[in-house]
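Reading the structure
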Amino acid sequence: MFIQDLKNDFYRQLISKRILIIVNYDVDAICASKILQSLFKYDHMLYTVVPIMGVTGLRRAYNEHQGDVKYVLLVNCGGCVDIVELLQPTEDVTFYICDSHRPLDVCNVYSDRQVCILGDPALEENIPAFESIFYDSDGEDEDDDDNEEEDEAGADSGAGESDGEGDGESGEREQPARRKLSRLERHEQRVLRQRARRQWELERDRIMFDYTQFSYYGRSSALQIFELAWKLSKDNMDLLWWAIVGISEQLLLGKIESGAYTLELEHIQSHVSRLTNKTNDQNTMSASKINFENDLHLVLYRHWTVTESMRYSRYSACQLKLWTLRGEKRLHELLVEMGLPLVHARQTYSAMDLVLRKEFYTMVEQLAEKYSIPDIVYGTFTLSFGYRSRYAAADYVYALLAILQSIKKHKTPEDCFMEASDALTRQHKQLLNAGIDNAKLLHAAIFRQVQSCLEAHQVHSTGSFFYYVLQEEHAFFSYPYALALLAKFVLHGHVATTRARQAPDLPLIATCPLDAAQGMCLLVGIAPVREDSPKNFFGKAFDQAAQKSKTSLLQDFFEPSIVQLRQSDLTRFLDALTVLLT
């Protein structure tokens, strides 16, 4: 069941109730939960926040807390699984789902009361009609019962005979014939109903396959929750900034199309103007200011050197082929033509000459077409607070991703989640800066891996997809987000260097050992370069390939294109996938 009036049908229903908030392990979900927590604090509401990484974590989190709560809020999780079937809750428990993963599970969509999805049904794509996927078998059973009763009644009435006139005798002669004919008709009707039922099931399977074939993303959960805060008149600059970080993560990780992002920018700009006029903070140190500006798709360039940022950014690196000597030479030519001396380009951006810093964006923009990097410019927002602190939304996204990936023996995923949540606040600037430093290490490691992979020709083709196998466990790439970033970089790099014409139309599968002791590996599927749509078909394809190859697949993540399987089954699984996609 969809809920559109979040103020009355969602938020006001929770006031004075105890709430369990289960949050998925991603940046958009963290931003959404941060906004929700600030709203709940306004109204002194009791809540528990539990971070999870997959379906197993969702089940465990609910089982641990189900005795205390009757209202459960799921952020970026639970929308794509039948939540009532999975958790088996009592009838008095209500689930509110704010999930950007698509497609939504039809049982959640058509739930009467227990499952409430926050959002507008008009924005959803191709949700099947209720009649086409749920069959009314009760009516069929009733018909069969009626037929049996008619047979019994007919048999009883045939036992009594009458000594009436001719009309009565002729009626007696017609009755058995009519009864025999009606039995035959009833049998035919039963056969026809069974045939219709089989046809309906085949049609239902086709409709459900079409509906669930691709996995993709809807509107940012953080932005949706911010709009609730606005309607409650409890919004401020911090909440708006968290919503901006949430939608920026969707853009930078390729979860949504740039067109959908651009449409949202207009709404965000109106909120920025409204809150800027509303805020009268005289203290410059504590005042925060959000600005909209055109920026460059260069990773963390305000906190790094220009040469390193250009080298480690996927777009500029692949367009200029910066892992080759010719690419490196072309980068130097670009810097010379920009009028940016190598000495300045190799020192931290903040230490560069002020005039060069002010002109840097204009210089890159003017030469973008000539050096085949026209899409390096995009619209984004920057946050300024104090005298020196200035961050782009992308800086926050990369820093938070690096924090979420920094799981170690002494640091659990829950610790990383709390650290990422704290890094969003201006009071914990040191956590954000530490995240930025970790993000630099991550992107440098990705580039080195891509360079060695392309030089050693480790990307193989099956004819229907590319695959890349990391042979050893890696400190960075044993985690889903880092492996997905690597896989995307490898695919774009391979397409940029190969001469094969069909390369832009082929997807890529990357795999990395996950746990050497258990012999498990992590597998991620990336959509082809040429496809504009961020829809991914690998979730369904992985499922079918696992059935055909009889391998056990662990699809525990809420992203269906990321799975785990045994390394010993990998070759058999890839063979089955090749046959399936050919």
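Residues numbered from 1 in each chain as written. Predicted model: local features only at pLDDT ≥ 70, side-chain atom pairs only at ≥ 80, totals over all residues. Heavy atoms only, no water.

**Digging into empty space enclosed by the protein**
Put simply, the rule reads: Only protein atoms enter the 1 Å grid, on which a cavity is a set of points fitting a 1.4 Å probe that cannot get out and a pocket is an open set with protein on both sides within 12 Å along at least 5 of 7 lines, lining residues being those with an atom within 4 Å of a point. Grid points are joined across faces, edges and corners, and a volume is the space filled by probe spheres set on the points. Where helices and strands are cited, they refer to DSSP runs of H or I of at least four residues and of E of at least two residues respectively, numbered from the N terminus. Asp, Glu, Lys and Arg are counted as charged, while Ala, Val, Leu, Ile, Met, Phe, Trp, Tyr, Cys and Pro are counted as nonpolar; the rest, among them Gly, fall into the polar class. Start and end positions for the domains come from either an automated domain assignment or a database one.
Per the stated rule, a full pass over the model turns up 2 cavities of 30 Å³ or more. Within this model, the largest cavity holds a volume of roughly 140 Å³. Tyr-25, Met-53, Pro-480, Tyr-481 and Phe-557 are, among the 13 residues lining the largest cavity, the residues nearest its centre. For the lining of the largest cavity, the secondary-structure elements that each account for two or more residues are helix 17 (393-405) and helix 20 (480-497). Of the residues that constitute the lining of the largest cavity, the class distribution is 10 nonpolar, 2 polar and 1 charged. The residue makeup of the lining of the largest cavity includes at least three contributed by each of domain 1 (293-446) and domain 2 (457-581). Reported here for the second largest cavity is a volume of approximately 40 Å³. The wall of the second largest cavity is formed by Asp-295, Leu-296, Leu-298, Leu-300, Tyr-301, Arg-302, Ala-392, Ala-394 and Asp-395. Put simply, the parts of the chain that give the lining of the second largest cavity at least two residues each are strand 9 (288-296) and helix 17. For the lining of the second largest cavity, the residue count by class is 6 nonpolar, no polar and 3 charged.

**Focus: the packing of helix 9 (residues 221-231) against helix 11 (residues 258-278)**
The line we're drawing: The axes used here are C-alpha line fits, helices contributing only the stretch in contact, and every angle between their N-to-C directions lies in the interval 0 to 180 degrees. Definitions for this section: a left-handed crossing has its near helix turned counterclockwise from the far helix by less than a right angle. A right-handed crossing has that turn clockwise. For this analysis, residues touch if any pair of their heavy atoms sits within 4.5 Å.
Where helix 9 contacts helix 11, the two axes come as close as 13 Å, and the packing angle between them is 35°. As for how helix 9 packs across helix 11, the hand of that crossing is left-handed. Side by side, helix 9 and helix 11 meet where Leu-223, Phe-226 and Trp-230 of the first sit next to Glu-264, Ile-268, His-271, Arg-274 and Leu-275 of the second. Across the contact of helix 9 with helix 11, the residue classes tally to 5 nonpolar, 1 polar and 2 charged.

**Considerations on the packing of aromatic side chains**
For clarity, the threshold we go by: Ring pairs shown here join Phe, Tyr and Trp side chains whose ring centres sit within 6.5 Å, with only the six-membered ring taken for Trp; geometry is labelled stacked below 30 degrees between planes, edge-to-face above 60, and tilted in between. Distance and angle both matter: a charge sits over a ring if NZ of Lys or CZ of Arg is within 6 Å of the ring centre and within 35 degrees of the ring normal.
Enumeration according to the criterion identifies 21 aromatic pairs in this entry. The side chain of Lys-34 reaches across the aromatic face of Trp-242, ending 5.7 Å from its centre. In this structure, Lys-535 packs its charged tip against the face of Tyr-216, placed 4.8 Å from the ring centre.

**Observations concerning the pattern of salt bridges**
Here is the rule: Every case where a carboxyl oxygen of Asp or Glu lies within 4 Å of a side-chain nitrogen of Lys or Arg is listed as a salt bridge. Relative accessibility decides the category of a residue: with a 1.4 Å probe and only protein chains considered, values under 20% of the type maximum give buried, values over 50% give exposed, and everything between is partly exposed.
Counted by the stated rule, this structure contains 21 salt bridges. The shortest N-O distance in the salt bridge between Arg-302 and Glu-293 comes to 3.2 Å. Owing to a relative accessible area of 11%, Arg-302 belongs among the buried residues under this scheme. A network of salt bridges, in which partner residues are shared, links Glu-293, Asp-295, Arg-302 and Arg-390.

**Observations concerning the layout of surface pockets**
Reported here for the second largest pocket is a volume of approximately 810 Å³. Around the second largest pocket, the lining is made up of 34 residues, and of these Arg-102, Leu-123, Gly-218, Arg-219 and Glu-264 lie nearest the centre. At the level of elements, strand 8 (216-217), helix 9, helix 10 (237-252) and helix 11 are the ones that each hand at least two residues to the lining of the second largest pocket. The biggest single contributor to the lining of the second largest pocket is helix 9, with 6 residues. Its residues assigned to classes, the lining of the second largest pocket shows 13 nonpolar, 9 polar and 12 charged.

**Some thoughts on the domain arrangement of the chain**
Cut-off, in case you're wondering: Here's the idea: put two parts together, see how much 1.4 Å probe accessible area each one loses, and the total over both is what we call buried area. Identification of polar contacts relies on pairs of N or O atoms within 3.5 Å, with a donor-acceptor requirement for protein atoms, meaning one able to donate a hydrogen and the other able to accept it, and with residues adjacent in sequence counted only if both atoms are side-chain atoms.
Each assigned domain of the chain is listed with its residue range as follows: domain 1 (293-446) and domain 2 (457-581). Taken together, the contacts link 14 residues of domain 1 with 14 residues of domain 2. The junction of domain 1 with domain 2 conceals about 1,500 Å² of combined surface from both sides, 78% of it contributed by carbon and sulfur atoms. By the criterion of area lost to domain 2, the three top residues of domain 1 are Arg-314, Gln-405 and Ile-446, representing 44% of everything that side buries. In this assembly, domain 1 and domain 2 are joined by 0 salt bridges. Viewed at the interface, domain 2 and domain 1 are joined by 1 residue pair in polar contact (both at pLDDT 80 or more).

**A few points about the sheet that holds strand 16 (residues 553-554)**
Here is the rule: The pairing criterion for strands is at least two bridges between them, as found by DSSP.
The 6 strands lie next to each other as 12-13-14-15-17-16, forming an open sheet whose pairing is mixed. At either margin of the open sheet sits one strand with a lone partner, and together these are strand 12 (460-461) and strand 16. Pairing of strand 15 (residues 520-526) with strand 17 (residues 562-566) involves 5 bridges; the strand directions are antiparallel. Paired with Val-524 across the bridge in strand 17 is Ile-562. Along the sheet face, helix 20 touches strand 13 (466-469), strand 14 (508-515), strand 15 and strand 17 and points at about 50° away from the line of strand 15.

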